[in-house]
Amino acid sequence: MNKNRNYSIYLSILMALVIGLVACNPAPAEPQVVAEPAQPEPTAALVVAEKEEPAADSSDDEELVAQPVVDEDSASALASTELDQTDTQLFERTAQLFDLFETQSGEIWNEDYRLDQMALMYVRTDGVNDQYAYLINHPTAAELDGAQLVELPEELDLPDVYRFDEIPNASRVAQNPHFDFNAPIAGEETYVMKYTTPQVDEFASPVSHDWSLYVAHEGLHDDQDEWNETPSNGQDTAGYPLEADHIALIMLENEVIKAALTAEDEATREQAIKQFVAVRQTRINRWDSVRLLDLPQEQIEGTARYIEHTLGSLLDYDRTNLTSFAESIYPVPETRVRESLAFGRFYETGAALTHLVDQVGIENWTLAIENGQSQFDLLADHYGMTDAELEKMLDEAKATYSFAEMAEKAESIAATAASEPTDIWGDMGDSDFADMAGDGMGEVIELDDMFPQKPYESAPDHLLFNQTPDGYELQGGYLIQASEISDEFIRQLYSPQQNEIQVVDWTNGNGELLRITSSKGDYSNLDEALEGVPQFDQPQIENIAGNEVMISDFSDNQFTFSVANVVVNGEFIVIEGAVSYDEMVNLVTDLLTG
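Analysis parameters
- Residues numbered from 1 in each chain as written.
- Predicted model: local features only at pLDDT ≥ 70, side-chain atom pairs only at ≥ 80, totals over all residues.
- Heavy atoms only, no water.
- Salt bridge = Lys/Arg side-chain N within 4 Å of Asp/Glu carboxyl O.
- Helix = DSSP H or I, 4+ residues; strand = E, 2+ residues; numbered from the N terminus.
- Buried < 20%, exposed > 50% of the residue type's maximum accessible area, 1.4 Å probe, protein only.
- Expected span 1.5 Å × (residues − 1).
- Arc of directions from axis to C-beta.
- Pairing = 2+ DSSP bridges.

Throughout the structure, instances matching the rule amount to 18 salt bridges. With a closest N to O distance of 2.8 Å, Arg-283 and Asp-294 form a salt bridge. Placement of Arg-283 in helix α7 (residues 266–286) and of Asp-294 in helix α8 (residues 288–314) is noted, with a sequence separation of eleven residues between them. Given a relative accessible area of 0%, Asp-294 falls into the buried group. Between Arg-345 and Asp-294 there is a salt bridge, and its shortest N-O distance comes to 4.0 Å. Placement of Arg-345 in helix α10 (residues 337–359) and of Asp-294 in helix α8 is noted, with a sequence separation of 51 residues between them. Considered together, Arg-345 and Asp-294 belong to a single accessibility category, that of buried residues. Several salt bridges share partner residues, and in doing so they unite Glu-253, Arg-280, Arg-283, Asp-294, Glu-298 and Arg-345 into one network.

Here you go:
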């Protein structure tokens, strides 16, 4: 397994935040983009049948899952077990994924990346403990102890699925909280993906297309182990150069990439790409880290983000269209600079450059990347500019995008970067909560010994917010009911030294999962807080206690979830959870009126 993949574990929790992108742009908190819920689809009762004897080896040329011989009388004696909503959605989305990879893999990446043919194990988790597993495409699944053949509706058209109440290689599986690329299951390297209910983690639940993109993204990382030359580097994020000259060129590079992505004609796009090549080559010539870190990470994470876009297009998922993607290349942040520029940025630039490589018509470019060529190298070779042409393109880019202003702003950003922690990963901690909530955004300072104290008067001094080092994120779980939220409670969450905090109502007994995220600022209204952030739904605007509140309702007859955004006293607050629209209105009203 590529040694760089471990960093993907931390970022994938928020993916794409993020997938799109959440972990990739650690700017001050933005409104949470919540996965749209799956639309109800007809399902059938699913029967779990104990396997008896494996069938003889198939003589077909295709690699098929071994078929067990099931005694019909014995099988009918078993109780009919209708899978719960989460498992039903799991198999519906898997069937949709498999169909797209079988019929259109060339549109997603190429014919070699076939998620539908990979040995795959889904593991159901409650966020802390693994509960049971399903094996698909595993050559000896039927022969393993405890294998139960799951009889799925024929319309799903899936290979045989086997359930295991005793999870194979459970000790290995338990070591990875989210996924494992090469878990040995009965001698077969198997892609393991954990999933859960939306009440535990909506991102890791198969309730939306976001989950499908997440599975395909990490599946490409598995496939990357089979590339002829998988990129690798020392992952020296701590040593990444963040002086003002370099930051200014990164700012310029962002602008020419966005211009290339949004160009309305071929000539404009070509000009922008040439300017990009000139800026990137200048950075490579001056700083070795660019070739050692930017290029390999763009090959690894940028290609995985790219297939989110191509698969999303096949799913007709508007959150992955190219226009909104171009907007996701945010300006260089003024805080958490190293987190963005030394790692998170490469997801988006890598995907952008992959799109451009495809658009200019470079032949067999996916195989070229698999053979070790970066997206930048492919573009640079395609245009083959001389040193004089590169210098001309650089000068044109600087003139077009007011480089002098960028250089001035970069001075301030560089000073901030110099004061921030160099370890962007921090100590993820040992607790289950840290495993679930840690997102790599600076050091996670755990609050385990504060349970169930609320608010913070009796907390140890070293855990008080005003003692938290600048540039760090404070996260914790609190035993609070949604009905307890009040304006006083919100005021107690912040101090002038703390810029961003998350509070999660993780364990209340009434099924209401509530998360509050806020960032300090000097926002006068929602428009300022949301500036530059694309909206992917149709939110409603409520006037509550004189405040404009934007509420998005993602609920349907199977799923309840809503999100509220509001600015209070200059702070941008996002509240999200498994509550209905009306319940969210009541919660925000309580928050704003006490």
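Over its 13 residues, helix α18 (residues 581–593) runs 18 Å from end to end, which matches the ideal 18 Å to within 8%, given 1.5 Å per residue. Every buried residue of α18 is listed here: Tyr-581, Met-584, Val-585, Leu-587, Val-588, Leu-591 and Leu-592. Projection of α18 onto a plane perpendicular to its axis shows the buried side chains occupying an angular sector of 165 degrees, all on one side. Exposed and facing more than 90 degrees away from the buried side of α18 are Asp-582, Asn-586 and Thr-593.

Attention now goes to the pairing of strand β16 (residues 562–568). Two faces make up the sheet, and in a regular strand the side chains alternate between them. Most of β16 is tucked away: seven of the seven residues are buried. Relative to β16, strand β15 (residues 547–553) is paired through five bridges, and the arrangement is antiparallel. Note on β16: the bridge partner recorded for Met-550 is Asn-565. When β16 meets strand β17 (residues 571–577), the two strands line up antiparallel, connected through seven bridges. In the strand pairing of β17, Asn-565 is matched with Val-574. Hairpin connection of β16 to β17: two residues between the antiparallel strands, including Asn-569 at a positive phi of 50 degrees.

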